[in-house]
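Listed below, chain by chain, are the residues.
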Amino acid sequence: DKKGQLVSEKLARSFLRRKYGIEVSSAKPLPSYDDQNLLITGTSADGSRKGPEKWVMKISCRGDSASDLRLENTVMRFLADFKG
């Protein structure tokens, strides 16, 4: 069942700025079962692209196993690269 918000939007923005140099212009909640997903719109520090970029930030529950997270990440990378 849903565990609610795991991380505040303010903390997510701060983390993305410090860790990845992303300046977040919006962070919108996405549907999820028991983790927290945010649609992030912003600009990256390297300035390699003009205009805003979009990412999905996934915040997993503490009890999720490492193997489950690796599987989810593998599937997300495949889908991001898929040019169907």
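Before any of the text, the structure's been laid out above.
Residues numbered from 1 in each chain as written. Predicted model: local features only at pLDDT ≥ 70, side-chain atom pairs only at ≥ 80, totals over all residues. Heavy atoms only, no water.

Here the focus is the pattern of salt bridges. According to the stated counting rule, one finds 4 salt bridges in the structure shown. Two residues, aspartate 35 and lysine 58, come together in a salt bridge whose shortest N-O distance is 2.0 Å. You can see aspartate 35 sitting in the loop between strand E1 (23–30) and strand E2 (36–43) and its partner lysine 58 sitting in strand E3 (residues 53–59), a full 23 residues away along the chain. Overall, aspartate 35 belongs to the buried group, its relative accessible area being 11%. Judged by relative accessible area, lysine 58 falls into the partly exposed class, the value being 25%. Salt-bridge contacts for lysine 58 lead to glutamate 72; the nearest nitrogen and oxygen are separated by 2.7 Å. Separated by 14 residues along the polypeptide, lysine 58 in strand E3 and glutamate 72 in helix H2 (residues 66–81) bring together distant segments of the chain. (Salt bridge = Lys/Arg side-chain N within 4 Å of Asp/Glu carboxyl O. Helix = DSSP H or I, 4+ residues; strand = E, 2+ residues; numbered from the N terminus. Buried < 20%, exposed > 50% of the residue type's maximum accessible area, 1.4 Å probe, protein only.)

Relative to the assigned elements, aspartate 64 resides in the loop between E3 and H2. Overall, aspartate 64 belongs to the partly exposed group, its relative accessible area being 25%. Linking aspartate 64 and aspartate 34, residues 30 residues apart in sequence, is a C-alpha distance of 9.8 Å. Apart from the residues within four sequence positions on either side, aspartate 64 is in contact with Asp34 and Leu69. (Contact = heavy atoms within 4.5 Å.)

Attention shifts here to the pairing of E2. Every other side chain in a regular strand lies on the same face of the sheet, so the side chains alternate between the two faces. Burial analysis of E2 places 6 of its 8 residues in the buried class, which makes it a mostly covered element. Two strands pair when backbone bridges link them, and E1 and E2 are joined in this way by 7 bridges, in the antiparallel orientation. Paired with glutamate 23 across the two strands is threonine 43, which belongs to E2. Joining the antiparallel neighbours E1 and E2 is a turn of 5 residues. (Pairing = 2+ DSSP bridges.)

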